[in-house]
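# Structural overview
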Amino acid sequence: MSDYIRLKPVVELSEIPVTAWNGLLKALPEDQQDHPFIQYEFLKTLESTRSVCVESGWQPCHLAFYQGDDLVAVLPNYIKGHSYGEYVFDWAWADAYQRHGLDYYPKALTAVPMTPVTGPRLLSRLAPENTPALIDAACRWVEQSGMSSWHLNFLTHAVCDSIATESLQSDSFLRRQDIQFHWHNHDYSDFADFLASLKAKKRKNIVRERKPFLEEDSGWTFEWLDGESATAEDWQLFDKMYRNTFDKKGGWAQLSNDFFRACAESMPKQTLLLFAKHQGKPIAGAFFMRSESRLYGRYWGCFEEVEFLHFETCYYQGIEYAIKEGLQVFEPGAQGEHKLARGFMPVFTHSLHYVCRPEFREAITDAVNRENDWLDLRCIDYLAHSPYKQRHD
């Protein structure tokens, strides 16, 4: 087999055999191999249901590296015609390009669409010392393709460090951070045990918020389903909830009508659906995914606005599920400092940005550095207002 490694953009994931993709997953650290959002089935479902496609502004263009006929590495990648569904916001950058009469789009994005979850981005069975060459080859491809920039979102801290320091183009990468709020399981026996770890004021507030849903005569029930127990009708019902919520807020429901059902069929054990019912009538629902160690809250929808129902469905029920299943971390989604008072602690997320034009790169660097400094201070402030009796930094 030749030692020469070539980069081949792949416009449909189905061009890559699932066995080849899974072979790369096996090269990841063991605790990352079952990460749901980097599974072949998840990314393929996004494409097969046309949630990501040219028309939606998410043109799949995965960067596959071959040694001979063997797939040795891949970066899940998309050519973007907008900045929706990324959760690392660069609208100001696009505006600056436009004001100078330049096109910011198309741009390249290595990420999981509509999924602000940190996880593996470079799947590779090559030795780590080969990573800089792969990244540099991708940078050249971005330049030669006439795109404004390349964005690698929600990288693990270690990979971010590696690329930002070892790549030949390391000086051209802008390193950006943000803050999410994650719940960590400190070996709690049940929800009451978790409550006992909180300061009195925070504990009383959670009890107050949960009370309308937990009293025996409240009429509220919460039903957990997975991809095997949920029916096609269940997924159709949740899809209506999801779209109803986006419609009310004037947002764009980017996932297609068939996505949730198709995801459940292809990943039945990692796909979860929670219904909140009152007097047996479905009022709200939430879509989760899980690995062996983590729970991920992703989408929510409702037919009626009920005070604290979002907190109960998307946060407290998730915490109870994580404790029951022995999961170590619950990631409820992007942003939301209101989560701090409910037991979720600040966690940094990391992204890298390769801006092709040096004059824009210099201007954006200053803004990113100031943003990072502000976030450092913000995190310190969050930790100072921890809801826990003991520090969990």
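In what follows, the structure referred to is the one given above.
Each value, and the rule that gives it
- Residues numbered from 1 in each chain as written.
- Predicted model: local features only at pLDDT ≥ 70, side-chain atom pairs only at ≥ 80, totals over all residues.
- Heavy atoms only, no water.
- Helix = DSSP H or I, 4+ residues; strand = E, 2+ residues; numbered from the N terminus.
- Buried < 20%, exposed > 50% of the residue type's maximum accessible area, 1.4 Å probe, protein only.
- Pairing = 2+ DSSP bridges.
- Contact = heavy atoms within 4.5 Å.
- Axes fitted to C-alpha atoms, helices over the stretch in contact; angles between N-to-C directions.

### A closer look at unusual backbone geometry
The peptide bond linking Tyr 105 to Pro 106 adopts the cis configuration, its omega dihedral lying at 5 degrees. By the element assignment, Pro 106 lies in the loop between α3 (91-99) and β6 (107-110). Phi is positive for Arg 50, which is not a glycine, with a value near 60 degrees. Among the secondary structure elements, Arg 50 is positioned in the loop between α2 (40-48) and β2 (58-60). For Met 114, which is not glycine, the phi torsion reads 55 degrees and is therefore positive. The exposure class assigned to Met 114 is buried, which follows from its relative accessible area of 3%.

### Remarks on the sheet that holds strand β1 (residues 5-10)
With antiparallel pairing, the four strands of this open sheet are ordered in space as β1-β3-β4-β7. Looking along the sheet, the strands with just one partner apiece sit at the ends: β1 and β7 (123-124). Sheet topology places β1 next to strand β3 (residues 62-67); six bridges connect them, and they run antiparallel. Bridging from a neighbouring strand, Lys 8 pairs with Ala 64 of β3. The sheet strands contacting helix α1 (residues 18-25) are β4 (70-75) and β7, and the helix crosses β4 at an angle near 70 degrees. Of the strands in this sheet, β1, β3, β4 and β7 are in contact with helix α4 (residues 131-144), which crosses β1 at around 50 degrees.

### Some details on the pairing of strand β9 (residues 173-184)
Burial runs high along β9: nine of the 12 residues are buried. Relative to strand β15 (residues 345-355), β9 runs antiparallel, the two sharing 10 bridges. Bridge assignment links Phe 181 to a residue of β15, and that residue is Pro 346. Relative to strand β14 (residues 329-331), β9 runs antiparallel, the two sharing two bridges. Residue pairing in the sheet places Trp 183 in a bridge with Phe 330 of β14.

### A short note on the sheet that holds β9
Across the sheet, which stays open at both edges, the 11 strands sit in the order β2-β5-β6-β8-β15-β9-β14-β13-β12-β11-β10 with mixed pairing between neighbours. Both outer strands of the open sheet, β2 and β10 (220-226), are each paired with one neighbouring strand and no more. Taking each pair of neighbouring strands and ignoring which way they run, the sheet shows an average axis angle of 30 degrees. The pairing of strand β13 (residues 294-302) with β14 spans three bridges and is classified as parallel. Bridging from a neighbouring strand, Arg 294 pairs with Val 329 of β14. Helix α8 (residues 232-249) contacts β10, β11 (271-278), β12 (281-290) and β13 of the sheet and is inclined by roughly 70 degrees relative to β13. Sheet contacts for helix α10 (residues 309-325): β9, β10, β11, β12, β13 and β14; angle to β12, the most-contacted strand, approximately 45 degrees.

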